[in-house]
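# A look at the structure
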Amino acid sequence: MFEPKQWNVPEVVRATVEKSDGNLNPLQGDGSNFPCHGVAPEAPVATYLPGTSQSLKLKGSAVHGGGSGQMVITYDTNPTKNTVFRVMTSYMGDHPIKAAGNLGPTDRDPQGLKSELELWKLNPLSFTVPKGLPKGKAVVAWTWFNHIGNREMYMQCATVIIGGDETSMNAFEALPGMFKANIGGGCIVSDQITAIDFKHPGPEVFGKGITPVPCGEPSITGSGVAEMVVPGAGNYGQKVESSAGAAVTPTKTSSSSPPPPTGDNAGDDGVLTTYVTVTPSPTPSKEVNIQTPIPSAPTTLVASAIPYNPPTRPSAPTTLVASTIPYNPPTRPSAPTTLVASTIPYNPPTRPNVKTPDACTTEGEITCGENRTWYMCGSGRKQFMGSLAAGTSCTAGKIFKRGIRGYYF
């Protein structure tokens, strides 16, 4: 990638081309040097303003019959395998140029320039920096999946500055994720696919996809697409505004490039693919006639990938609020402060048939009572002692026991 100038990838020659590395090499088939060949980031080489069109200039004659590719961006300035790249532009078919195989002396490289052949002079390429992107340092990358040859993924990275005043990441996060394939993980782009039909190609598309690839599809955030490109002049045509996003299917027209010769000079190239999903907005613009059916309600339950957070009860206020309604708590009636004389006479219970004891002066003195009862003087009063024992009698303050000849004590 000549413009924007890519990070340098040191030449590493190994036993096979597939295991070697360098500026013109694809990524390793096992993904070990994904992303960006695993090289160190370099200083920014350009400043882009959101909403502007920028040139993509590529060199080389090994175009492998064309293919499909993307221009992607991330704000992770030292990207790793977990970095999320998002799609700005997709090129579906005849990319970077329409050809039957590789270019050579009989096909647009008469001088045999090979790796120094300036492809942008044969087929100018561009990409648009999406509107609303936040300012700051970013990494852009060109990815390519060749039509003919080994199944590979090419990726060249460059550091740039995104200008402007925007600070929100919303526009970036609304872009679809990058398509990946041919670097391990089981996703392979089949040979002879003329144009990958990226499911989520991003806000700008050149060409028309033909064959979808049922893998390499990352998750997507946001609706993604604001405008599409419909081929019309040359390989890629005029830009058509649309609010329908990915629902717009650009129409491919005949290419203005000279007809390629037959034959295949493609070398060892393989492709890795990544799909990007763009959710169409509900109402298309007037410029593009799009009919979007309203999906019917599903007949089966589908598990949602969106976590559900149940509503919570609002917490109690942290400040006290004075009530305007007076509160009068119920009071227990107080005890009367004055004594009230009862009108009901109180008669304490008395023993039946027993006279109330009288006062006495001699302790131990016995007094005979009625009905065979008797009293004994104690504590100054006659204490009732109960009934006389059987066989006894009380006479004149003495208790007698009946004997053979009468009573005695």
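Note: the structure precedes this text.
Now for a quick tour of the structure. (Residues numbered from 1 in each chain as written. Predicted model: local features only at pLDDT ≥ 70, side-chain atom pairs only at ≥ 80, totals over all residues. Heavy atoms only, no water.)

## Section: the overall build of the protein chain
Condition: Under the DSSP-based scheme used, a helix requires at least four consecutive residues in state H or I and a strand at least two consecutive residues in state E, with every element numbered from the N terminus. Throughout this description, buried means an accessible area under 20% of the type-specific maximum (1.4 Å probe, protein chains only), exposed means over 50%, and partly exposed covers the range between. Only the protein chains shown count as covering a residue, and every accessible area follows the Shrake-Rupley method with a 1.4 Å probe.
The helix and strand inventory of the protein chain stands at 1 helix and 18 strands. Sorting the 409 residues of the protein chain into buried and exposed places 39% on the buried side. Looking at the protein chain as shown, the accessible area adds up to about 23,800 Å², and 56% of this sits on carbon and sulfur atoms.

## Considering the environment of His37
Stated precisely, the cut-off is as follows: Note on contacts: a residue pair is in contact if any heavy atoms of the two residues lie within 4.5 Å. Polar contact is defined as a pair of N or O atoms within 3.5 Å, subject to the rule that within protein one atom must be able to donate a hydrogen and the other to accept it, and that residues adjacent in sequence are counted only when both atoms are side-chain atoms.
Residue placement: His37 occurs in the segment before strand E1 (47–48). According to the relative accessible area criterion, His37 is buried, its value standing at 6%. Along the chain, His37 and Met155 lie 118 residues apart, while their C-alpha atoms are 7.5 Å from each other. Sequence-distant contacts of His37, that is, excluding residues within four places in its chain, are made with Val9, Asp21, Gly22, Asn25, Pro26, Leu27, Met155 and Gln156. Polar contacts involving the side chain of His37 include one to the main-chain carbonyl oxygen of Asn25, which spans 3.4 Å.

## Some remarks on the state of the cysteines
Short version of the rule: A pair of cysteine sulfur atoms is labelled a disulfide when the two atoms are within 2.5 Å.
Applying the stated rule across the entire model yields 4 disulfides. Sulfur-sulfur distance for the disulfide between Cys187 and Cys215 comes to 2.0 Å. In this structure the cystine formed by Cys187 and Cys215 twists about its S-S bond by roughly 75 degrees; its chirality is therefore right-handed. Separated by 28 residues along the polypeptide, Cys187 in the loop between strand E8 (179–180) and strand E9 (204–207) and Cys215 in the loop between E9 and strand E10 (227–229) bring together distant segments of the chain. Residue classification places Cys187 among the buried residues on the basis of a relative accessible area of 7%. Cys215 sits in the partly exposed class, given a relative accessible area of 22%. Through a disulfide, Cys368 is tied to Cys394; the S-S separation comes to 1.6 Å.

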